[in-house]
Amino acid sequence: GENVEQHPSTLSVQEGDSAVIKCTYSDSASNYFPWYKQELGKRPQLIIDIRSNVGEKKDQRIAVTLNKTAKHFSLHITETQPEDSAVYFCAATPGWAGNMLTFGGGTRLMVKP
Amino acid sequence: GAGVSQSPSNKVTEKGKDVELRCDPISGHTALYWYRQSLGQGLEFLIYFQGNSAPDKSGLPSDRFSAERTGGSVSTLTIQRTQQEDSAVYLCASSSQYYEQYFGPGTRLTVT
C-alpha cells in the first residue's frame with residue numbers, strides 16, 4: 001500500500017519568512033495530493049491540492065509542487081504570518097483504490113512574530 | 001451550506017463498553033470516510049463508503065470496529081468492548097468529487 005513520509009516534523013520560522021514542507025510517497029499510481037491545515041483542537045481544513053497532470057499550483061501565499069518522477073511533493077508558504085501556525089498534513093491517494101487518503105505524519109509550523 | 005457534522009463531540013466511556021459515533025456528511029456527497037487521529041499523531045484511515053458499493057473496511061484495526069451507512073447518508077461507527085488504546089479523535093469526511101474530502105469536527109473518545 002501507499003506510504004507517505006513528511007519532513008520536517010516541526011518547523012519554526014520568523015514572521016515574513018518562507019516555509020517549505022516536503023513529502024515523499026511510495027505508490028507510483030498515486031495521482032492526487034492534498035494538503036490540510038489543522039489548528040489546535042479543530043478539524044483538518046483542505047488548503048490546496050494538486051493532481052498528477054500538473055507540476056505546480058499556486059493560491060495566493062501558498063503553492064504546491066509535484067515531481068512525479070522522484071515521487072515527492074512540497075508545500076511552500078511565503079510571507080508567513082502568525083495565523084499560519086498550525087499542523088500541516090500532506091496526503092496521497094491512487095484514484096483506482098477509491099479515495100482513501102494516506103497521510104504523512106504532520107508538520108508543526110510555528111511562526112514567530 | 002452546512003458542513004460535515006459529528007456527534008457527540010466528546011465521549012467518555014468505561015473500558016469494555018460499546019460506543020456509537022455518528023457522522024452527517026455534506027448533503028449530496030456520495031462518499032464518506034472515517035479516520036482516527038491519536039493524540040499528536042497523523043490520521044489513520046479506517047473505512048470508506050462510496051454510494052451503494054460495499055464499503056472498504058481495510059483500515060479497521062480489529063473486529064471490534066464496524067460501521068454502517070444508512071440511506072447513503074448518515075453513518076455510524078461502532079466500537080465494541082472499548083479498550084484504552086481506542087482513545088483518539090474519530091474524524092469523518094465526505095466527498096462529492098472524486099478527490100476533495102471535507103472533514104467534520106471529530107468526536108474525542110476517551111476510554112477510562
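Residues numbered from 1 in each chain as written. Chains lettered and ligands numbered in written order. Predicted model: local features only at pLDDT ≥ 70, side-chain atom pairs only at ≥ 80, totals over all residues. Heavy atoms only, no water.

Participant: Help me understand the pairing of strand 1 (residues 4–7) of chain A in this model?
Facilitator: It is a general feature of regular strands that their side chains alternate between the two faces of the sheet. All names here are of chain A. Burial along strand 1 is one-sided: Val4 and Gln6 are buried, while Glu5 and His7, pointing the other way, are not. Sheet topology places strand 1 next to strand 3 (residues 19–25); four bridges connect them, and they run antiparallel. Its bridge partner being in strand 3, His7 is matched across the sheet by Lys22. (Buried < 20%, exposed > 50% of the residue type's maximum accessible area, 1.4 Å probe, protein only. Helix = DSSP H or I, 4+ residues; strand = E, 2+ residues; numbered from the N terminus. Pairing = 2+ DSSP bridges.)

Participant: Where do I start with the state of the cysteines in this structure?
Facilitator: Disulfides are covalent bonds that link the sulfur atoms of two cysteine residues. One pass over the structure, following the stated rule, counts two disulfides over all chains. Here Cys23 of chain A connects covalently by a disulfide to Cys90 of chain A, the sulfurs 1.9 Å from one another. On the sign convention where negative means left-handed, the S-S torsion of about -100° between Cys23 of chain A and Cys90 of chain A marks this disulfide as left-handed. Residue Cys23 of chain A is located in strand 3, and its partner Cys90 of chain A is located in strand 9 (residues 86–92); the two are separated by 67 residues in the primary sequence. Pair check on accessibility: Cys23 of chain A and Cys90 of chain A agree, each one buried. Paired by a disulfide, Cys23 of chain B and Cys92 of chain B hold their sulfur atoms 1.8 Å apart. Its torsion about the S-S bond being -60°, the disulfide of Cys23 of chain B and Cys92 of chain B is classed as left-handed. Pair noted here: Cys23 of chain B is in strand 3 (residues 19–24) and Cys92 of chain B is in strand 8 (residues 88–95), with a separation of 69 residues, a long-range link. (Disulfide = S-S within 2.5 Å.)

Participant: Would you explain the interface of chain A and chain B in this entry?
Facilitator: Many analyses report the size of an interface as the accessible area lost when the parts associate. If you look at the interface, chain A gives 21 residues, while chain B gives 21 residues. Regarding the contact of chain A and chain B, the summed buried area is about 1,700 Å², with carbon and sulfur atoms giving 55% of it. Taken as a group, Arg43, Asn99 and Met100 of chain A account for 35% of the area that chain A buries against chain B, more than any other trio of residues on that side. On the surface where chain A and chain B come into contact, there are one salt bridge. (Contact = heavy atoms within 4.5 Å. Buried area = accessible area lost by both parts, 1.4 Å probe. Salt bridge = Lys/Arg side-chain N within 4 Å of Asp/Glu carboxyl O.)

Participant: For this particular structure, what's the right way to read the sheet that holds strand 1 of chain A?
Facilitator: Each strand in a sheet pairs with its neighbour through backbone hydrogen bonds, running either in the same direction (parallel) or in the opposite one (antiparallel). All names here are of chain A. Spatial strand order, 1-3-8-7-6: five strands in an open sheet with antiparallel pairing. Because the sheet does not close on itself, it has two edges, and the strands there are strand 1 and strand 6 (56–59). Geometrically, the sheet is characterised by an average inter-axis angle of 15° between neighbouring strands, direction not taken into account. Of the pairings in the sheet, the one linking strand 7 (residues 62–67) to strand 8 (residues 72–77) comprises six bridges and is antiparallel in character. What sits directly across from Ala63, in strand 8, is His76. (Axes fitted to C-alpha atoms, helices over the stretch in contact; angles between N-to-C directions.)

Participant: I keep staring at the layout of surface pockets and nothing clicks. Help me out?
Facilitator: Think of a ball as big as a water molecule: rolled over the atoms, this probe shows where empty space is left. Volume-wise, the largest pocket comes out at about 640 Å³. Gln38, Leu40 and Gly41 of chain A together with Gln37 and Gly40 of chain B are, among the 32 residues lining the largest pocket, the residues nearest its centre. Elements with a contribution of two residues or more to the lining of the largest pocket: strand 9 and strand 11 (107–112) of chain A together with strand 8 and strand 10 (107–111) of chain B. Looking at the lining of the largest pocket element by element, the count peaks at four residues for strand 10 of chain B. The residue makeup of the lining of the largest pocket, split by class, is 10 nonpolar, 18 polar and four charged. (1 Å grid on protein atoms, 1.4 Å probe; cavity = no way out; pocket = protein on both sides within 12 Å on 5 of 7 lines; lining within 4 Å. Points joined across faces, edges and corners; volume = space filled by probe spheres on them. Nonpolar A, V, L, I, M, F, W, Y, C, P; charged D, E, K, R; others polar.)

What is shown is where atoms sit, not what they do.
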